[in-house]
Amino acid sequence: MKDFLPFTRPTLDEATIAAVAAVLRSGQLASGPRVLEFESALADYLGGARTVRALTSATEGLEIALLACGVGPGDEVIVPAMSFAASANVIVRAGATPVFVDVDLASRNLDVGQVERAITPRTKAIMPVHFSGLAVDMDALLAIAERHRLRVVEDAAHAIGTRHRGRPIGSFGDVAVFSFHPNKNMTSIEGGAIATTDAALVERIERHRFHGIRRNADGEIDVEFAGAKSNLSDVAAAVGLGQLRRLDEFNARRRLLAARYFERLADFDRVMLPARGDEGHSWHMVTVLIDFVARGISRPQFQRAMAARGIGIGVHYPCIPGMTFYRQHGFRAEDYPNAARIGRETVTLPLFPAMRDEDVDRVVAALQAELD
Ligand SMILES: *Cc1c(COP(=O)(O)O)cnc(C)c1O
């Protein structure tokens, strides 16, 4: 059998490995100069008008962003019904209540047309997810937020390098959070970052990120609330710096591979392709829908069959309101028909910068053989 093709794999170069070795030899391992350099490189990448703070993950970043925006018990936050569970979990962990809105079947993004209906007097924030690196219509969403005086905390975990109307995602609303998990478009092993324009927020984010500590002018510390411990290490930041240098190259390769899938699958009606978007799409993933009931197989059976052909197939994501914890809190997948259908039918095809064109063709041939 040919080499196994995973659904994703990070590309790390020798320069990055050398930079990590240099940090390890330096004796400065935790947050130090590399973290500051990473934060300012990310701010430059986003156009220079944002302050960026790096953290141990996007999950931590989202939770801290919500807390720093004052979200807490009694508040509601609007979130798409189909995303990674972290998008809703962080709302619960902040003490607030998620209010799910269905997604669009093609774009997989929050249906902006349904957002206003979900707003109540308790709504404090909206959390759009730029699914698979396809930007949410930010003009429409920010107009709604402004009309109702709501915060917008963007889950941009998939969207580092996404461009929307000529500008990078992370340069639109007042808070955006990126993920640098190894599955994402760039990695810092584990890691994430918050980008914001709001100076007051930066100060609160820094305190939430490090024990709630504030230092007075004499350098003495005080704690005003029980903060988290979510600062990034210099080792991780060195990886992130090496990745950020190549991010646009990685994303250009992702776009070419995605385009090849669209070409090769255009006439194959057993899979439903997602919205194509425009050239700003960062193609974190190519996810397609398959009617498994009509094919008479289950998704896990399909995944095993594809694995037997040497191809890794992911699932991103089941509908959040259908998960046990959310069902126990009264949510029902059936109330979000598109999210529920995507949750049942979605599969993620292999896509990562080091993939070759022939790998796409191999995936397509296996799909055709398996689904015929
Ligand atoms: C990966 C992901 C997260 C969490 O990112 P981590 O860095 O792993 O915490 C949040 N939201 C979405 C949509 C994701 O895909």
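These figures come from a predicted structure and were not determined experimentally.

Asker: Requested: an account of the site of the ligand, with residues and values cited.
Answerer: Near the ligand you find 16 residues, and of these Thr59, Asp155, His158, Ser179 and Lys184 are the closest. Separating an oxygen atom of the ligand from a side-chain N or O atom of His158 is a distance of 2.6 Å. Protein chains shield 93% of the accessible area of the ligand, which is 380 Å² for the free molecule. When atoms are counted within 2 Å of each cavity's grid points, the one that captures over half of the ligand is the largest pocket. Those elements that place two or more of their residues in the shell around the ligand are helix 3 (58-68) and helix 4 (86-93). Of the residues assigned to the shell around the ligand, the class counts are 6 nonpolar, 8 polar and 2 charged.

Asker: Tell me about the nonpolar core, residues and numbers included.
Answerer: In terms of nonpolar packing, the biggest core is built from 42 residues, with Leu66, Val77, Ile91, Phe100, Met127 and Ile194 touching the most fellow members. Top contributing element to this core by residue count: helix 3, with 6 residues. Looking at which domains feed residues into this core, each of domain 1 (14-245) and domain 2 (247-371) gives three or more. The residues contacting Val77, other than those within four sequence positions of it, are Leu66, Val71, Ile91, Ala96, Thr97, Pro98, Val99, Ala125 and Met127. Ranked by size, the runner-up nonpolar core spans 40 residues in total, among them Leu110, Ala156, Met186 and Ala193.

Asker: Account for the packing of helix 9 (residues 247-265) against helix 14 (residues 357-371), naming residues and giving values.
Answerer: One way to put it is that helix 9 packs onto helix 14 with a least axis distance of 10 Å and a crossing angle of 35°. When the axes of helix 9 and helix 14 are compared, the crossing they make is right-handed. Contacts from Arg253, Leu257, Arg260, Tyr261, Arg264 and Leu265 in helix 9 reach Asp357, Val360, Asp361, Val363, Val364, Leu367 and Gln368 in helix 14. Tallied by class, the residues present in the contact of helix 9 with helix 14 amount to 7 nonpolar, 1 polar and 5 charged.

Conventions adopted
Position labels on residues start from 1 in each chain and follow its written sequence. Confidence filtering applies because this is a predicted model: local features only for residues at pLDDT of at least 70, side-chain atom pairs given and counted only at 80 or more, and all residues used for totals across whole chains, interfaces and linings. Neither water nor hydrogens contribute to the side-chain values; these are computed over all heavy atoms in the structure. Any residue with a heavy atom lying within 4 Å of a molecule or strand is counted as near it. Two N or O atoms count as a polar contact when they lie within 3.5 Å, although within protein this holds only if one can serve as hydrogen donor and the other as acceptor, and sequence-adjacent residues are included solely when both atoms are side-chain atoms. Throughout, the Shrake-Rupley method with a 1.4 Å probe supplies accessible areas, and for residues the shown protein chains are the sole cover considered. Buriedness for pockets is judged along seven lines, at least five of which must meet protein on both sides within 12 Å for an open set on the 1 Å grid over protein atoms alone, while cavities are sets there where a 1.4 Å probe fits but cannot get out, and lining residues have an atom within 4 Å of a point. Cavities and pockets are treated as containing a molecule whenever more than half of the molecule's atoms lie within 2 Å of their grid points. Only DSSP runs of H or I covering at least 4 residues are called helices, and only runs of E covering at least 2 are called strands; the numbering of each starts at the N terminus. Think of it as three bins: nonpolar holds Ala, Val, Leu, Ile, Met, Phe, Trp, Tyr, Cys and Pro, charged holds Asp, Glu, Lys and Arg, and polar takes everything else, Gly as well. In plain words, nonpolar cores are sets of buried Ala, Val, Leu, Ile, Met, Phe, Trp, Tyr and Cys residues tied together by side-chain atoms within 4.5 Å. Three labels apply to residues, based on accessible area from a 1.4 Å probe with only protein chains included: buried if under 20% of the type maximum, exposed if over 50%, partly exposed otherwise in between. As annotated, the domain borders come from an automatic or database domain assignment. Two residues form a contact once any of their heavy atoms are found within 4.5 Å. Orientation is described by lines fitted to C-alpha atoms, with helices fitted over the stretch in contact, and by angles between N-to-C directions that extend from 0 to 180 degrees. Helix crossings get a hand from a simple test, with the near helix turned counterclockwise from the far one by less than a right angle marking a left-handed crossing and a clockwise turn marking a right-handed one.

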